[in-house]
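Here's the letter readout for the chains.
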Amino acid sequence: QAQLVESGGGLVQAGASLRLSCAASGRTFSSYAMGWFRQAPGKEREFVASISRIGGYTYYSESVKGRFTISRDNAKNTVYLQMNSLKPEDTAVYYCAAAGKLGLFSYSSRAADFDSWGQGTQVTVSS
């Protein structure tokens, strides 16, 4: 399993941007498809974005499509989530996750496909 550490969260105003980072250690980073999920207070965890092991294939939830961008740097063992035009409803704890059993060009929105999770980073967007 991968060990994942998120960073980059914080308190911002609506319309601002943040970039989350997730540093991975353990197995070779390119052996994992990566994803971001979030959980707001009183709500279930929800999928945000996912990226394939190689090739940069991505998939987004409808709520963030066009505003958020997931990317990865396999040389730095890091996945990023660039969040633009933030809204108060984006307020949540954001979790990085790694899926070690997906194909080279595959991504997933299913939490069950991800077998390693970070501790989360808080993002708060004020109105």
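Residues numbered from 1 in each chain as written. Predicted model: local features only at pLDDT ≥ 70, side-chain atom pairs only at ≥ 80, totals over all residues. Heavy atoms only, no water.

### Digging into the sheet that holds strand 1 (residues 3-7)
Read from one edge of the open sheet, 4 strands run 1-3-8-7, paired in antiparallel fashion. Bordering the open sheet on either side are strand 1 and strand 7 (68-73), each of which pairs with just one other strand. Strand-to-strand, the axes of this sheet are offset by a mean angle of 15°, without reference to chain direction. By the bridge criterion, 5 bridges tie strand 1 to strand 3 (residues 18-25) in an arrangement that is antiparallel. Counterpart to Ser7 in the pairing with strand 3 is Ser21. (Pairing = 2+ DSSP bridges. Helix = DSSP H or I, 4+ residues; strand = E, 2+ residues; numbered from the N terminus. Axes fitted to C-alpha atoms, helices over the stretch in contact; angles between N-to-C directions.)

### What to know about the environment of Tyr32
Mapped onto the elements, Tyr32 comes out in the loop between strand 3 and strand 4 (33-39). In this structure Tyr32 comes out as buried when scored by relative accessible area, which is 1%. Put simply, Tyr32 and Ser85 are 53 residues apart on the chain and 29 Å apart in space, counted from C-alpha to C-alpha. Separated by 3.2 Å, the side chain of Tyr32 and the backbone nitrogen of Ala2 make a polar contact. (Buried < 20%, exposed > 50% of the residue type's maximum accessible area, 1.4 Å probe, protein only. Polar contact = N/O pair within 3.5 Å; in protein donor to acceptor, adjacent residues only side chain to side chain.)

### Observations regarding the pairing of strand 8 (residues 78-83)
Among the 6 residues in strand 8, 5 count as buried, and that is most of the element. In the sheet, strand 3 pairs with strand 8 via 6 bridges, with the strands oriented antiparallel. Within strand 8, the residue paired with Ala23 across the bridge is Thr78. Sheet topology places strand 7 next to strand 8; 6 bridges connect them, and they run antiparallel. Opposite Phe68, over in strand 8, you have Met83 as the bridge partner.

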